[in-house]
Amino acid sequence: GSSECTKCDGGTWSNTSAASCGSCAPGTYSGTGAEVCNDCDAGKYSGNGVSSCTRCGAGKFQNATGAASCDECQPGRAQPNT
């Protein structure tokens with residue numbers, strides 16, 4: 001047996017009595033030692049198993065939380081912030 005349990009890495013999580021840590025789903029993130037993954041804020045997105053969300057780049061947006069990608073601005077609209 002082991003003398004201690006190790007913390008899950010960022011981008012992963014576990015609950016009670018876990019034998020291993022699971023990856024956070026796209027649209028979520030976690031820090032080290034997380035019990036749950038958190039939704040990305042609006043304006044951000046994430047892929048699978050990440051410790052932080054990424055801001056939408058120029059010309060893209062996301063108005064929902066927990067997004068796995070950003071949407072492109074429609075013609076006649078812009079988003080210059082990166």
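The residue numbering used here restarts from 1 in each chain and proceeds along that chain's sequence as written. Where totals are concerned, whole chains, interfaces and linings use all residues; where local detail is concerned, this predicted model gives features only for residues with pLDDT of at least 70, and gives and counts side-chain atom pairs only at 80 or more. Processing note: side-chain calculations cover all non-hydrogen atoms of the structure and skip hydrogens and water entirely.

Peer 1: Please explain the state of the cysteines as it appears in this structure.
Peer 2: A covalent bond between the sulfur atoms of two cysteines is referred to as a disulfide. Note on terminology: disulfide denotes any pair of cysteine sulfur atoms within 2.5 Å. Tallied over the entire structure, the rule returns 4 disulfides. Here C24 is linked by a disulfide to C37, with a sulfur-sulfur distance of 2.0 Å. Linking C24 and C37, the disulfide has an S-S dihedral of approximately -80 degrees and is accordingly described as left-handed. Of this pair, C24 sits in the loop between β2 (22–23) and β3 (28–29) while C37 sits in the loop between β3 and β4 (38–39); the two residues are 13 residues apart in sequence, bridging distant segments of the chain. Only protein chains enter the accessibility calculation, which uses a 1.4 Å probe. A residue is then buried if its area is under 20% of the maximum for its type, exposed if over 50%, and partly exposed in between. You can call C24 buried: its relative accessible area is 0%. Residue class for C37 comes out partly exposed when judged on its relative accessible area of 22%. Covalent S-S linkage joins C40 and C53, the inter-sulfur distance amounting to 2.0 Å. What counts as a helix is a DSSP run of H or I of at least four residues, what counts as a strand is a run of E of at least two, and both are numbered from the N terminus.

Peer 1: Help me understand unusual backbone geometry, please; the structure alone is not making it clear to me.
Peer 2: Most peptide bonds take the trans configuration, and most residues that are not glycine carry a negative phi. The backbone of S17 shows a phi angle near 60 degrees, a positive value even though the residue is not glycine. Topologically, S17 is positioned in the loop between β1 (12–13) and β2. For S17, a relative accessible area of 75% corresponds to the exposed category.

Peer 1: What am I meant to see in the side chain of T12 here?
Peer 2: Tracing the backbone shows T12 in strand β1. Within the local environment of T12, its side chain forms a polar contact with the backbone oxygen of D9, the two atoms lying 2.6 Å apart. Residue contacts follow a heavy-atom distance rule, with two residues in contact if any of their heavy atoms lie within 4.5 Å. Those residues in contact with T12 that lie beyond four places of it in its chain are C21, G22, S23, C24, S30, G31 and A34. Two N or O atoms count as a polar contact when they lie within 3.5 Å, although within protein this holds only if one can serve as hydrogen donor and the other as acceptor, and sequence-adjacent residues are included solely when both atoms are side-chain atoms.

Peer 1: What exactly am I supposed to notice about the side chain of Q62 here?
Peer 2: Tracing the sequence through the fold places Q62 in the loop between β7 (60–61) and β8 (71–72). Taking relative accessible area as the criterion, Q62 reaches 12% and is therefore assigned buried. In this structure the side chain of Q62 is engaged in a polar contact, spanning 2.8 Å, whose partner is the backbone oxygen of S69. Leaving out residues up to four positions away in the same chain, Q62 has contacts with A42, G43, K44, C56, A67, S69, C70 and D71.

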